[in-house]
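Analysis of the macromolecular model
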Amino acid sequence: MTQDSTWLSVPELVTILGQPVGRIHRLVEEHRLPGSRRNGPLQVPAAAIRDGEPLPDLKGTLLVLLDLGLTEDEAIDWMLAEDDALGMTPFAAMRVGQKAAVRRAAQLLG
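Here is a short report on the structure shown in this document. As the structure is a computational prediction, the values presented were derived from the model and not from experiment. (Residues numbered from 1 in each chain as written. Predicted model: local features only at pLDDT ≥ 70, side-chain atom pairs only at ≥ 80, totals over all residues. Heavy atoms only, no water.)

Considering all chains together, one arrives at four salt bridges under this definition. Among the ionic pairs, Asp73 bridges to Arg38, the shortest N-O distance being 3.7 Å. You can see Asp73 sitting in helix α4 (residues 72-80) and its partner Arg38 sitting in the loop between α2 (21-29) and β2 (43-45), a full 35 residues away along the chain. The class for Asp73 is partly exposed, based on a relative accessible area of 27%. Given a relative accessible area of 36%, Arg38 falls into the partly exposed group. Three or more residues joined by partner-sharing salt bridges are found here, namely Arg23, Glu30 and Arg32. (Salt bridge = Lys/Arg side-chain N within 4 Å of Asp/Glu carboxyl O. Helix = DSSP H or I, 4+ residues; strand = E, 2+ residues; numbered from the N terminus. Buried < 20%, exposed > 50% of the residue type's maximum accessible area, 1.4 Å probe, protein only.)

If you want it as structure tokens, here you go:
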């Protein structure tokens, strides 16, 4: 299983981020972390975390996707899927500092 397909539960996020449960939920509500309940309890893609912190460019990218009318689940699916223009997943591109390229690719969805 690759990191881009691994999902983290809230208890796992508490351990990884060193934050209480309420703060984890607030990070999701503030779009600092993308969260999904499609498989039951809240989960976050592991690809959204780097060095024990949410990816710093994630909030702006997630807001672009939501502003285009995507649901949170659709936005997560897009960030996990290989993008031809990027040559990798948007999460992977953000992890290597290609925020602008990811946001350009996201804007093409609209």
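So, about the nonpolar core. Soluble globular proteins tend to bury their nonpolar side chains together. Within the largest apolar cluster, 33 residues are counted, with the highest numbers of intra-cluster contacts made by Leu33, Met79 and Phe91. Listed by contribution, the elements that provide at least two residues to this core are α1 (10-17), α2, α3 (58-67), α4, α5 (90-95) and α6 (99-107). For this core, the leading source of residues is α4, giving five residues. (Core = buried A, V, L, I, M, F, W, Y, C linked by side-chain atoms within 4.5 Å.)

Running from N to C, α1 and α2 cross one another at 100 degrees; their axes reach a closest spacing of 9 Å. Of the possible angle classes, the one that applies to α1 and α2 is roughly perpendicular. For the pair α1 and α2, contact is made by Val10, Leu13, Val14 and Leu17 and by Val21, Ile24, His25 and Leu27, respectively. Among the residues making up the contact of α1 with α2, the classes are represented as seven nonpolar, one polar and no charged. (Axes fitted to C-alpha atoms, helices over the stretch in contact; angles between N-to-C directions. Parallel < 35°, antiparallel > 145°, perpendicular 65-115°, else oblique. Contact = heavy atoms within 4.5 Å. Nonpolar A, V, L, I, M, F, W, Y, C, P; charged D, E, K, R; others polar.)

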